[in-house]
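Structural overview
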Amino acid sequence: MRLLFFGILFFTAALTANGQTYSIIDSKAIKYYKEAEELTLSRRYDEANEKYKDAIDREASFIEAYVKQTQLLITQGRLLEAEKVALVGKSKLKGKNSTAKHVADIGWVFSNLYLNQGRFEEAYQVFQEIDPLLDQSFKSSTYYGEMKTKMDFLQSELGKVI
């Protein structure tokens, strides 16, 4: 669980390091989002979850908030709730929110979610779809390397089953 938490924190840092641009412009929703990030770093997960909800309630197309809330719920082991949030976030991938970055971000959380749920074929399939969309800087991270190793293992094992 601790490794997953630090992986999510690293992914969070990688996402926010790219210029702090968001899929929305609503400053109040962004404020809630930033507060949730701070609460997450302080390990005040329930409060952070509420702030992510506030950000989404304020701006329903806030892709980054869906991604972070899903990651937080995965960290807490609340996988069914995480899947519901991720599915709603995925449904918002249209128009200006359908950039390669947003598709990759949502796909990354689904890969992690499915892996945690033991849905290995789905995790592998989603990872294969988003891998070409991930930034090279992220691909050089330890967290990506660990996920890639898991996916390579899944590929070798799934090939034996099929």
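An account of the accompanying structure is given in this report. Being a predicted model, the structure only gives us computed values, none of them experimental.

**Remarks on the packing of helix 4 (residues 63-75) against helix 6 (residues 100-117)**
Where helix 4 contacts helix 6, the axes come no closer than 10 Å and their chain directions differ by 15°. Judged on the interaxial angle alone, helix 6 and helix 4 are roughly parallel. Crossing angle aside, the handedness with which helix 4 passes helix 6 is left-handed. Seen from helix 4, the contacting residues are Ile63, Glu64, Val67, Thr70, Gln71 and Ile74; seen from helix 6, they are His102, Asp105, Ile106, Val109, Asn112, Leu113 and Asn116. When its residues are assigned to classes, the contact of helix 4 with helix 6 shows six nonpolar, five polar and two charged.

**Here we look at the layout of surface pockets**
What the second largest pocket holds in volume is close to 170 Å³. Considering the residues around the second largest pocket, the lining is formed by Lys90, Leu93, Val103, Ile106, Gly107, Phe110, Tyr114, Val126, Glu129, Ile130 and Leu133. By residue number, the principal contributor to the lining of the second largest pocket is helix 6, which donates five residues. Partitioning the lining of the second largest pocket into residue classes produces eight nonpolar, one polar and two charged.

**Comments concerning the pattern of salt bridges**
Under the defined criterion, the tally for this structure stands at 13 salt bridges. Among the salt bridges present, the one from Lys68 reaches Glu37, with a minimum N-O distance of 2.5 Å. Placement of the pair is Lys68 in helix 4 and Glu37 in helix 2 (residues 27-41), with a sequence separation of 31 residues. According to the relative accessible area criterion, Glu37 is buried, its value standing at 14%. Ionic pairing is found between Lys139 and Asp131, a salt bridge with its closest N-O pair at 3.7 Å. A residue is classified by how much of its surface remains accessible, and Lys139, at 23% relative accessible area, is partly exposed. Exposure remark for Asp131: the relative accessible area of 14% places this residue in the buried category. The network of salt bridges with common partners includes Lys31, Glu35 and Lys51.

**Here we look at unusual backbone geometry**
Even without being glycine, Arg43 reaches a positive phi, approximately 60°. By secondary structure assignment, the location of Arg43 is in the loop between helix 2 and helix 3 (45-58). The exposure class assigned to Arg43 is partly exposed, which follows from its relative accessible area of 43%.

**Here's the deal with helix 2**
Residues separated by three or four positions in an α-helix point in the same direction, a consequence of the helix having 3.6 residues per turn. The terminal C-alpha atoms of helix 2 lie 21 Å apart, and with 15 residues this matches the ideal 21 Å at 1.5 Å per residue to within 8%. The complete set of buried residues in helix 2 reads Ala29, Ile30, Tyr32, Tyr33, Ala36, Glu37, Leu39 and Thr40. Of the residues that open helix 2, the one with a side-chain oxygen 2.9 Å from the backbone nitrogen of Lys28 is Asp26. Arg43 sits one or two positions beyond helix 2 and adopts a positive phi of about 60°.

**Observations regarding the packing of aromatic side chains**
Evaluation of the coordinates by the stated rule reveals 11 aromatic pairs. For the pair Tyr33 and Tyr52, a centre-to-centre distance of 5.9 Å together with 65° between the ring planes defines the contact as edge-to-face. Taken together, the residues Tyr33 in helix 2 and Tyr52 in helix 3 connect sequence positions 19 residues apart. Neither residue differs from the other here; Tyr33 and Tyr52 are each classed as buried. Seen from their ring centres, Trp108 and Phe138 are 5.0 Å apart, and the 85° between their planes marks the pair as edge-to-face.

Cut-offs applied
- Residue indices begin from 1 for each chain and proceed along its sequence in written order.
- Local features are withheld for residues below a pLDDT of 70 in this predicted model, meaning they are given only at 70 or higher, and side-chain atom pairs are given and counted only at 80 or more; totals for whole chains, interfaces and linings count all residues.
- For the side-chain quantities, the full set of heavy atoms in the structure was used; hydrogens and water were omitted.
- Fitting a line to C-alpha atoms yields each axis, with helices limited to the stretch in contact; the angle taken between N-to-C directions then spans 0 to 180 degrees.
- Runs of H or I in DSSP of at least four residues are treated as helices and runs of E of at least two as strands, each being numbered from the N terminus.
- What sets the label is the angle itself: under 35 degrees gives roughly parallel, over 145 gives roughly antiparallel, 65 to 115 gives roughly perpendicular, and the rest give oblique.
- Crossings are assigned a handedness: left-handed for a near helix turned anticlockwise from the far helix by less than a right angle, right-handed for a clockwise turn.
- It only takes one pair of heavy atoms within 4.5 Å for two residues to be counted as in contact.
- Note that Gly is not counted as nonpolar here; it falls among the polar residues with everything else outside the nonpolar set of Ala, Val, Leu, Ile, Met, Phe, Trp, Tyr, Cys and Pro and the charged set of Asp, Glu, Lys and Arg.
- Here a cavity means grid points, on a 1 Å grid over the protein atoms only, where a 1.4 Å probe fits yet cannot get out; a pocket means an open set of points with protein on both sides within 12 Å along at least five of seven lines; lining residues are those with an atom within 4 Å of a point.
- Grid points are joined across faces, edges and corners, and a volume is the space filled by probe spheres set on the points.
- Between Lys or Arg on one side and Asp or Glu on the other, a salt bridge is scored when a side-chain nitrogen of the former is within 4 Å of a carboxyl oxygen of the latter.
- Between buried and exposed lies partly exposed: a residue is buried under 20% and exposed over 50% of the maximum accessible area for its type, with that area taken using a 1.4 Å probe on protein chains only.
- One less than the number of residues in a helix, times 1.5 Å, gives the span that helix is expected to have.
- Pairs of N or O atoms within 3.5 Å make up the polar contacts considered here, provided that, within protein, one atom can donate a hydrogen while the other can accept it, and that residues adjacent in sequence are counted only when both atoms are side-chain atoms.
- Each pair of aromatic rings taken from Phe, Tyr and Trp, with Trp reduced to its six-membered ring, is defined by centres within 6.5 Å and is described as stacked if the planes are under 30 degrees apart, edge-to-face if over 60, and tilted in the remaining cases.

Geometric values such as these leave the question of function open.
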